[in-house]
Amino acid sequence: MIILSIMVAFSATSMAATKLIYDRIYTRVAPEVTPVPEELQPMVRERQPLSYPSGAHQLAGYLYCAQGGQDALVILVPGYHAGADSYLWQIKGLLDRGWSVLAFDPTGWGASQGDSLVGFSQVLVDLEQTLKYVEKSGYFGYTNIILLGHSQGGYAACCALEYDKRICAAVSVSGVNSPMEGVVGAAAAYTGPLAYGNYGFLWAYQALLFAPERVNLRADRQIARASVPVLVIHGEQDTQVPAERYSILSHREQIPQGRAEYLVCDQGHTDLLFDETGRENRELMDSIHRFLLNSLD
């Protein structure tokens, strides 16, 4: 009875601590407000605001239409503590190369509703609802859909590959491979090695939030199953999602040869998207552009 009591007390304490840490990681925070650079203001003024549901909340999205470009719509999936306006320079880079873009704020961020970010898998839920909205909107007149995600969004972009038959390609930048790898890595920043001891409780809490099958969804397995081109991009200096751990890149041996292309950069988690002036990384965007053009052939 003593041993049983100790086990029950330990489990209850661990689960309570897990919830406290998890909810703190995914709490809603106000994004830093920075002025839109003058060069980007015309693009922001001309974008079309969108609003559509994801569960009980309304998401805010924005449609940027390229004039005379490719017959494809790029859905930009944001990373952790990021939203549509976090990638304005990348959106401009895509528009300049003829790609129309739909970007959105995930649940609990920016102009979207929600008291919190909910959890790691919420961005995939929001992406699925975005794809439903795009379908109901007649794909805004585009034949092809492309998924481009960063960090958690890079995970979601790969896991949604089979969601819609019009998805013709996916690009994952600094992508996390699975909810458990992403959450344990984030929790370790708060508790150190204790996060690994609470692995089972972290899985159980996420399963309560999103269902077990969603928590077990892994990007490498979805890439292996999919029938569309995938480009995996990662930075060697990434400390948030280390290239050798947690990342999709670290699981490339589980992905059949030829199922994905890989591009390894010498920058970090987010700075690989930008150049030294804070604008788009032209070399990176050119690589993405070439890959996307090939995916439409």
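The structure this text deals with has already been given above.
Structural notes, computed from the coordinates. (Residues numbered from 1 in each chain as written. Predicted model: local features only at pLDDT ≥ 70, side-chain atom pairs only at ≥ 80, totals over all residues. Heavy atoms only, no water.)

**Observations regarding the pairing of strand S5 (residues 144-150)**
Then, number 1: Burial runs high along S5: six of the seven residues are buried.
Then, number 2: With six bridges joining them, strand S3 (residues 72-77) and S5 adopt parallel strand pairing. Bridge pairing links Ala72 to Asn144 in S5.
Then, number 3: When S5 meets strand S6 (residues 167-173), the two strands line up parallel, connected through six bridges. Each bridged residue has a counterpart across the sheet, and for Gly149 the counterpart in S6 is Ser172.
Then, number 4: Following the chain from S5 across helix H5 (residues 152-159) to the adjacent parallel S6, one finds a crossover that is right-handed. (Buried < 20%, exposed > 50% of the residue type's maximum accessible area, 1.4 Å probe, protein only. Helix = DSSP H or I, 4+ residues; strand = E, 2+ residues; numbered from the N terminus. Pairing = 2+ DSSP bridges. Right-handed = clockwise from strand over helix to strand, strands pointing away.)

**Concerning helix H11 (residues 282-296)**
Then, number 1: Look at H11: 21 Å from first C-alpha to last across 15 residues, which is about the 21 Å you get at 1.5 Å a residue.
Then, number 2: Looking at H11, one finds that the buried residues are Leu284, Met285, Ser287, Ile288, His289, Phe291, Leu292 and Ser295.
Then, number 3: Taken together, the buried residues of H11 touch S3, helix H3 (88-96), S5, S6, strand S7 (230-235) and strand S8 (261-265).
Then, number 4: Backbone nitrogen of Glu283 and a side-chain oxygen of the N-cap are separated by 3.2 Å at the start of H11; the cap is Asn281. (Expected span 1.5 Å × (residues − 1). Contact = heavy atoms within 4.5 Å. Polar contact = N/O pair within 3.5 Å; in protein donor to acceptor, adjacent residues only side chain to side chain.)

**Quick look at empty space enclosed by the protein**
Then, number 1: Per the counting criterion, the structure on display carries two cavities of 30 Å³ or more.
Then, number 2: Within this model, the largest cavity holds a volume of roughly 130 Å³.
Then, number 3: The wall of the largest cavity is formed by 16 residues, among which Gly79, Pro106, Leu117, Val123 and Gln152 lie closest to the centre.
Then, number 4: Ranked by the residues each element gives to the lining of the largest cavity, the list is headed by helix H4 (residues 122-136), at three residues.
Then, number 5: A breakdown of the residues in the lining of the largest cavity according to their chemical character gives nine nonpolar, six polar and one charged.
Then, number 6: Taken as a whole, the second largest cavity encloses approximately 70 Å³ of empty space.
Then, number 7: Around the second largest cavity sit Leu76, Tyr87, Gln90, Leu148, Gly149, His150, Val173, Leu273, Met285 and Ile288, which together line it.
Then, number 8: The dominant element in the lining of the second largest cavity, judged by the number of residues it contributes, is S5, at three residues.
Then, number 9: The residue inventory of the lining of the second largest cavity, partitioned by class, reads seven nonpolar, three polar and no charged. (1 Å grid on protein atoms, 1.4 Å probe; cavity = no way out; pocket = protein on both sides within 12 Å on 5 of 7 lines; lining within 4 Å. Points joined across faces, edges and corners; volume = space filled by probe spheres on them. Nonpolar A, V, L, I, M, F, W, Y, C, P; charged D, E, K, R; others polar.)

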